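# Understanding the architecture of this molecule
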Amino acid sequence: MQIYLPTNVYSETDCVMNHRKELAALGSRALLVTGKHSSRINGALEDVQKALQEERTSYVVFDEIEENPSIETVIKARTLGVQEQVDFVVGIGGGSPMDAAKAIALMIANPTEIQELLYQKRELPALPLAEIPTTAGTGSEVTPYAILTIHARKTKQSISHKIYPSLALIDSRYLKTASLNTLLDTAVDALAHLIESYLNANANVYNRMYSEKGLSLFAEIKDDLTQCRRQGKEPVLSLSDTVFGSLMQIAAIAGMAIAHTGTSLPHGLSYPVTYEMHVPHGKAVGIFLPGFLACYQNKEEVEMLLKRMGFATVEDFTEYLQELLGKLEIPDHLWDEDVKSMLENQEKLKNYPFPIDQQALYAFRR
Ligand code: NAP
Ligand code: FE
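Along the backbone of the protein there are 18 helices and eight strands. At 19 Å, the protein has a C-alpha radius of gyration in line with the 21 Å of a compact globule built from 366 residues. Its C-alpha atoms put the protein at 55 × 45 × 40 Å along the principal axes. Going through the 366 residues of the protein one by one, you find that 56% of them count as buried.

Set out below in structure tokens:
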């Protein structure tokens with residue numbers, strides 16, 4: 001039995017400033033990888049710039065990461081990083097910039113390699129990496145995964161390389177600018193990680209410990225989330241600092257769970273839905289969670305998880321998720337394609353502990 005979680009994680013207010021020496025110790029010139037807007041609004045980018053300035057460490061900013069980052073954007077950032085001779089990378093934002101930062105750290109460390117390297121099974125070095133999350137969903141700050149959009153295949157896929165951040169600096173203040181939909185969608189992503197890690201062929205007592213704790217924390221705040229949806233206001237107007245803190249904790253704990261096991265069928269099914277319908281990641285995963293639980297063969301484990309989350313039945317859980325996420329109609333042709341590609345996705349199928357066929361997967365659409 002093993003669990004390997006090598007990231008140094010700090011979670012507190014003013015985290016970036018407090019740990020600027022550890023951040024600066026990663027190298028002498030940083031590439032700050034972020035999205036187009038949000039990290040300027042929530043203060044995360046400014047905090048990192050100030051922290052590095054205080055430590056007299058130079059940096060250059062790449063702020064073009066789009067949602068569901070593409071291989072093309074990663075390559076563009078590599079060109080800048082190589083030109084600027086950076087020797088470490090800092091990802092700042094939601095899962096998109098954090099995942100992109102991992103792939104960029106790999107590509108800069110291998111500057112003469114072609115982009116196909118991302119999906120080749122080879123042992124290669126990556127530059128040291130720090131991650132600063134501003135959503136509470138993916139847990140990418142502690143996982144080794146980087147999911148990129150492959151336009152040629154009209155889907156998304158995790159790169160073949162496992163790249164753990166050296167440092168994760170978590171400050172829930174950054175989450176306060178999140179929109180209602182982003183906050184709820186990403187909370188459901190974290191919930192999916194906890195569930196898919198627990199009900200997983202790779203599960204052991206360690207990752208289940210993270211899932212159990214994460215689900216208990218989720219039970220404590222789950223009604224705050226529905227309340228927030230009903231009020232329809234920006235989260236900062238209806239959630240307390242404690243709830244923002246819990247959401248960040250849950251996401252990191254859920255990341256620690258999937259760092260060990262990987263995700264399962266709801267994540268595998270979500271990627272074509274995100275690509276073709278532009279549905280945010282958390283929502284695209286969340287719509288498959290009720291079907292996943294209803295079809296899962298070990299009913300005792302499902303009951304235990306539902307109880308831990310504070311639900312009596314799968315139906316209660318389904319209603320809850322529908323209120324948070326809204327409904328989503330997947331067109332028949334996309335659903336047929338999705339099921340077909342899921343049955344070819346050995347990486348995800350091997351994480352599901354039972355045999356699964358086309359008929360069983362069709363029951364995941366509710
Ligand atoms: P995201 O794509 O990183 O961000 C979604 C949107 O939220 C963007 O418009 C972003 O704006 C904005 N945003 C981010 N933080 C904000 C804040 N604090 N306030 C206001 N707006 C904010 O969303 P995500 O759900 O966190 O990440 C999804 C990606 O992560 C997907 O590609 C998914 O496949 C991947 N993922 C990775 C893992 C893993 O283990 N590595 C696990 C699950 C999912 P800007 O663009 O302006 O920044
Ligand atoms: Fe996810």
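The next point concerns the sheet that holds strand E8 (residues 167–170). The strand order across the open sheet formed by six strands is E1-E8-E5-E4-E2-E3, and the pairing between neighbours is parallel. Unpaired on one side and paired on the other, strand E1 (8–11) and strand E3 (58–65) mark the two borders of the sheet. Averaged over all pairs of adjacent strands, the angle between strand axes in this sheet comes to 15°, irrespective of strand direction. Where strand E2 (residues 29–35) lies against strand E4 (residues 88–93), five bridges are found, and the strand directions are parallel. Residue Leu32 lies in a different strand from E4, and its bridge partner there is Val90. Against the sheet, helix H5 (residues 71–83) engages E2 and E3, with an angle of about 160° to E3.

For Thr274, the position within the fold is in helix H11 (residues 265–277). Polar contacts involving the side chain of Thr274 include one to the main-chain carbonyl oxygen of Val279, which spans 2.9 Å. Look past the residues within four positions of Thr274 in its chain and what remains in contact with it is Asn68, Lys156, Val279, Pro280, His281 and Ala284.

Ranked by internal contacts, the top residues of the largest apolar core, which has 71 residues, are Ile195, Leu225, Leu247, Leu293 and Phe317. Among residues more than four places away in sequence, those in contact with Ile195 are Leu215, Leu289, Phe292, Leu293, Leu305, Met309 and Phe317. Membership of the second largest hydrophobic core comes to 28 residues, among which are Val86, Val89, Ala100 and Ile159.

Asp189 (OD), His193 (NE2), His267 (NE2) and His281 (NE2) make up the full set of protein donors to the iron ion (ligand 2), lying at 2.1 to 2.2 Å. For the iron ion (ligand 2), the four donor atoms are set out with angles of 81 to 169° between them, so the coordination reads as irregular. Read N to C, the donor residues that coordinate the iron ion (ligand 2) are spaced as D-x3-H-x73-H-x13-H. Within this pair, whereas His193 is found in helix H7 (residues 180–198), its partner His281 is found in helix H12 (residues 281–286), the two being separated by 88 residues in sequence. Comparing His193 with His281 shows no difference in burial state: the two are buried.

What follows concerns a nonpolar patch on the surface. On the surface, a nonpolar cluster with roughly 440 Å² of combined accessible area is contributed by Met1, Val205, Tyr206 and Met209. Here Met1 is to be found in the segment before E1. Taking relative accessible area as the criterion, Met1 reaches 70% and is therefore assigned exposed.

Right, let's get into the packing of helix H8 (residues 205–231) against helix H10 (residues 241–261). At a closest axis distance of 9 Å, the pairing of H8 and H10 adopts a crossing angle of 150°. Looking at the two axes, H8 sits roughly antiparallel to H10. Between H8 and H10 the crossing geometry is left-handed. Contacts between H8 and H10 pair Asn207, Tyr210, Ser211, Lys213, Gly214, Leu217, Phe218, Ile221, Asp224 and Leu225 from the former with Val243, Ser246, Leu247, Gln249, Ile250, Ile253, Met256, Ala257, His260 and Thr261 from the latter. For the contact of H8 with H10, the residue count by class is 11 nonpolar, seven polar and two charged.

Before going further, it helps to spend a moment on unusual backbone geometry. Even without glycine at this site, Gln85 takes up a positive phi of about 55°. Note on placement: Gln85 falls in the loop between H5 and E4. For Gln85, a relative accessible area of 67% gives the class exposed. Positive phi, normally seen in glycine, also occurs at His278, with a value near 55°.

The next point concerns helix H15 (residues 314–325). Over its 12 residues, H15 runs 16 Å from end to end, which matches the ideal 16 Å to within 8%, given 1.5 Å per residue. Looking at H15, one finds that the buried residues are Val314, Phe317, Thr318, Tyr320, Leu321, Leu324 and Leu325. The buried side chains of H15 occupy one side of the element, clustering within an arc of 165° when seen end-on. Residues of H15 that are exposed and point more than 90 degrees away from the buried face comprise Glu315 and Glu319. Where H15 is buried, its residues touch H7, H8, H12, helix H13 (289–295) and helix H14 (299–309). Where H15 ends, the next residue or the one after it, Gly326, has phi of about 80°, a positive value.

Enumeration over the complete set of coordinates arrives at 12 aromatic pairs. Between Trp335 and Tyr362 the ring centres are 6.0 Å apart and the planes differ by 90°, which places this aromatic pair in the edge-to-face class. With Trp335 in helix H16 (residues 332–344) and Tyr362 in helix H18 (residues 358–362), the pair connects residues that are 27 residues apart, well separated along the chain. Residue classification places Trp335 among the buried positions, given a relative accessible area of 1%. An aromatic cluster of at least three residues, connected via ring pairs, comprises Phe292, Tyr296, Tyr352, Phe354 and Phe364. One cation-aromatic arrangement involves Arg208 over Tyr198; the distance from NZ or CZ to the ring centre is 3.9 Å. The ring centre of Phe311 lies 5.0 Å from the NZ or CZ of Lys222, which sits over that ring.

Parameters and conventions
Residues numbered from 1 in each chain as written. Chains lettered and ligands numbered in written order. Predicted model: local features only at pLDDT ≥ 70, side-chain atom pairs only at ≥ 80, totals over all residues. Heavy atoms only, no water. Helix = DSSP H or I, 4+ residues; strand = E, 2+ residues; numbered from the N terminus. Rg over C-alpha atoms; globule rule 2.2 N^0.38 Å. Buried < 20%, exposed > 50% of the residue type's maximum accessible area, 1.4 Å probe, protein only. Pairing = 2+ DSSP bridges. Axes fitted to C-alpha atoms, helices over the stretch in contact; angles between N-to-C directions. Contact = heavy atoms within 4.5 Å. Polar contact = N/O pair within 3.5 Å; in protein donor to acceptor, adjacent residues only side chain to side chain. Core = buried A, V, L, I, M, F, W, Y, C linked by side-chain atoms within 4.5 Å. Donors = N, O, S within 2.8 Å, 3.2 Å for Na, K, Ca; no water. Tetrahedral: all angles 85-135°; square planar, octahedral: opposite > 155°, others 65-115°. Patch = residues over 30% accessible without salt bridge, like charges linked within 9 Å, V, L, I, M, F, W, Y side chains within 5 Å. Areas by Shrake-Rupley, 256 points an atom, 1.4 Å probe, with all protein chains shown as cover. Salt bridge = Lys/Arg side-chain N within 4 Å of Asp/Glu carboxyl O. Parallel < 35°, antiparallel > 145°, perpendicular 65-115°, else oblique. Left-handed = near helix turned anticlockwise from the far one by under 90°. Nonpolar A, V, L, I, M, F, W, Y, C, P; charged D, E, K, R; others polar. Expected span 1.5 Å × (residues − 1). Arc of directions from axis to C-beta. Phe/Tyr/Trp six-rings, centres within 6.5 Å; stacked < 30°, edge-to-face > 60°. Lys NZ or Arg CZ within 6 Å of the ring centre and 35° of its normal.

Keep in mind that these numbers describe shape and distance, not what the molecule does.
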